[in-house]
Each structure stands twice: as structure tokens, then as C-alpha cells.
Amino acid sequence: MSVKKISIILIFVILILDQFLKIWTKTNLVIGQETHIIGNWFILHFTENNGMAFGLDIPGEFGKISLSLFRLAAITGIAFFIRHLIRSKAHKGLIISVSLILAGAIGNIIDSAFYGMIFTDSWGRTAELFPDGGGYASFLHGKVVDMLYFPIIKGTWPHWFPFWGDHSFIFFRPVFNIADSSITTGVFIILIFQKRFFKHKEQQQP
């Protein structure tokens, strides 16, 4: 199978899994509700954010619109970059890694662009898909659904520890989604194998 087909299939599989879990979460949980999958360290905890990975946020109307427009531009740029990598016969691992990043970016922009239009809000009730009265927000004003929560280690800082002494801590605290994971995985693979990826590219040059 060609690397182009692998890239396309990978992107579609990630998008399907990401959107399936997000839609299930929206239509079965309310904000703040959680379901324990494996004990107390793998939890589906429903939360929403304005679009940055791992629940980060840019406040205000300008922040929301600027973030959405930036992501649309980034998706376009990444898609053209993948096409360039395929045509230049770059390392397969690099193409797959960038495909992971693209899939994650598309997965989250779908939420931002359309979820506000097709869902009711999730405060105190499970969301309704395609409600008669319309959704909770306009185009590009939807919120990104997060649900994956891995509080692997819980404890308390010792009293002598600077600033956080006697305060509780949780590792890993961020709540994220499959799209976030896809972006992070792609970036880490590139960072770890960058010498191999770009050495291969240099060898292809005359």
C-alpha cells in the first residue's frame, strides 16, 4: 500500500474515532459528569473548551475567532505540506507523523466550526443533536469536547516543599481527546526521529 493511501486511511480512522467518542460524550454525559473505565486512573470526564489542546484557552470573542481562523489556515498549510512530502518521497515516518497532526487539527476544528450549530448545550442535561430550535452557538463558535482523563498518581506535596507544601497534586491532570492525542503523538515522533527523517530527505537530494 502506498504511503498516500496509508496517510488518507490514518486520517479518516482518527477522525471517525475522535468524532464518535465526542458525539457519544455529548449525547450521554453532562458537563462535569464522568464514567470510570478502568478503576480511578482511566476516566471519561466530560468537559469543553474553546479549542486549544488539553483544555488551554484564549479568553474573549477575539481569542475564539482568531484561534479558529488560525487552525483553518494551519490545516490548509499542513495538507499542502503532506502533499509536498509525498511528491518529494520523504521518509514514510515523517509523512505518517504529519498526517497524525493533520487528523488531530481537523478533528478539533470540526467541533469549533459545527458543534455549536448542531448541538444544544450540555449544562445540566445531555445535549440534543440537531435540535429544532438550533444549536447553542453560531459557526466557528462551538466548543471542543474533551473527555480522556488519566489521574494516574494522586497525592499530597510534603509540607516542606516550596509553594505547594501540603497541597494535593494529580498526575496526569489535563483532560483531552483523541484529536489532541493524535497531534501530540505526531509531534513527539518527529522530535524523537527527526535525524532519521530529515537525513533520509537529505539523501534524496542531488
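I will try to describe carefully the structure that is included in this document. Everything quoted here is computed from the prediction, not taken from an experiment.

Sheet architecture is open: 4 strands sit in the order 1-2-3-6, paired in antiparallel fashion. Both outer strands of the open sheet, strand 1 (34–38) and strand 6 (175–176), are each paired with one neighbouring strand and no more. In terms of strand pairing, strand 2 (residues 42–49) meets strand 3 (residues 144–149) through 5 bridges, oriented antiparallel. Within strand 3, the position partnered with leucine 44 by the bridge is leucine 148.

The next thing to look at is the pairing of strand 3. Across the 6 residues of strand 3, 6 count as buried, placing the element largely inside the fold. For strand 3 and strand 6, the ladder comprises 2 bridges, and the chain directions are antiparallel. Looking across to strand 6, one finds that leucine 148 is bridged to phenylalanine 176.

Moving on to the pattern of salt bridges. A full pass over the atoms with the stated rule returns 4 salt bridges. Taking the shortest distance from any N to any O, the salt bridge between aspartate 111 and lysine 22 comes out at 3.1 Å. Of this pair, aspartate 111 sits in helix 3 (residues 92–118) while lysine 22 is found in helix 1 (residues 3–28), placing the two residues 89 residues apart along the sequence. Each member of the pair, aspartate 111 as well as lysine 22, is classed as buried. The partner of glutamate 48 in a salt bridge is lysine 26, and the shortest N-O contact between them spans 2.9 Å. With glutamate 48 in strand 2 and lysine 26 in helix 1, the pair connects residues that are 22 residues apart, well separated along the chain. A single salt-bridge network, built from bridges that share partners, covers Asp18, Lys22 and Asp111.

A word on a nonpolar patch on the surface. Residues Ile37, Ile38, Trp41, Ile152 and Ile153 make up a contiguous nonpolar surface patch of about 460 Å² in total accessible area. Structurally, isoleucine 152 is set in the loop between strand 3 and strand 4 (153–156).

Once that is clear, we can look at the pairing of strand 2. Here is the key point about a regular strand: its side chains alternate between the two faces of the sheet. Across the 8 residues of strand 2, 7 count as buried, placing the element largely inside the fold. Summarising the sheet, strand 1 and strand 2 pair through 4 bridges and their orientation is antiparallel. Residue pairing in the sheet places threonine 35 in a bridge with leucine 44 of strand 2. The hairpin formed by strand 1 and strand 2 contains 3 residues between the paired strands, and glycine 39 there has a positive phi angle of roughly 55°.

Here the focus is the nonpolar core. Core analysis: the biggest nonpolar cluster contains 20 residues, and Leu94 and Val98 have the highest contact counts within it. Within the residue set of this core, elements represented by two or more residues are helix 1, helix 2 (60–87) and helix 3. Broken down by element, this core gets its largest block of residues, 9 residues, from helix 3. With residues up to four places along the chain from it excluded, the contact list for leucine 94 reads Leu85, Ile190, Phe197 and Phe198. Leu21, Leu29, Leu44 and Ala127 belong to the second largest nonpolar core, which has 12 residues in total.

For helix 1, spanning 26 residues, the distance from its first C-alpha to its last is 37 Å, which sits close to the expected 38 Å at 1.5 Å a residue. For helix 1, the full list of buried residues reads Val3, Ser7, Ile11, Ile14, Leu15, Asp18, Gln19, Leu21, Lys22, Thr25 and Lys26.

Tallying each qualifying case throughout the model produces 6 aromatic pairs. Arranged with centres 6.4 Å apart and planes meeting at 40°, the rings of tryptophan 41 and phenylalanine 150 form a pair that is tilted. Taken together, the residues tryptophan 41 in the loop between strand 1 and strand 2 and phenylalanine 150 in the loop between strand 3 and strand 4 connect sequence positions 109 residues apart. With a centroid separation of 5.0 Å and 65° between ring planes, the pair formed by tyrosine 115 and phenylalanine 119 is classed as edge-to-face. Accessibility expressed as a relative area gives 2% for tyrosine 115, which makes it buried. Residue class for phenylalanine 119 comes out buried when judged on its relative accessible area of 0%. Grouped by ring-pair contacts, the aromatic residues Trp41, Phe42, Phe150 and Phe176 constitute a single cluster.

Reading the values: the criteria
For every chain, the first residue of its written sequence is number 1, and the numbers climb from 1 along that sequence. Only residues with pLDDT of at least 70 are given local features in this predicted model, and only at 80 or more are side-chain atom pairs given and counted; all residues enter the totals for whole chains, interfaces and linings. Derived side-chain values reflect all non-hydrogen atoms in the structure, with water molecules and hydrogen atoms excluded from consideration. Only strands that DSSP links by at least two bridges are regarded as paired with each other. Here a helix means four or more residues in a row that DSSP labels H or I, a strand means two or more in a row labelled E, and each is numbered from the N terminus. Remark: exposure states derive from per-residue accessible area (1.4 Å probe, protein chains only) relative to the maximum for the residue type, with buried under 20%, exposed over 50%, and partly exposed in between. Salt-bridge detection follows one rule: a side-chain nitrogen of Lys or Arg within 4 Å of a carboxyl oxygen of Asp or Glu. Patches here are clusters of residues that have more than 30% relative accessible area and form no salt bridge, with a 9 Å joining cutoff for like charges and a 5 Å cutoff for nonpolar side chains (Val, Leu, Ile, Met, Phe, Trp, Tyr). Surface accessibility in these figures is a Shrake-Rupley result with a 1.4 Å probe; residues are shielded only by whichever protein chains are displayed. Only buried residues count toward a nonpolar core. Its members are Ala, Val, Leu, Ile, Met, Phe, Trp, Tyr and Cys residues joined through side-chain atoms within 4.5 Å. Whether two residues touch is decided by their heavy atoms; if any such pair falls within 4.5 Å, the residues are in contact. To estimate how far a helix should extend, the number of its residues minus one is multiplied by 1.5 Å. For Phe, Tyr and Trp, where Trp contributes only its six-membered ring, two rings pair if their centres lie within 6.5 Å, and the inter-plane angle classes them as stacked under 30 degrees, edge-to-face over 60, or tilted in between.

The values reported here are purely geometric and, on their own, carry no functional implication.
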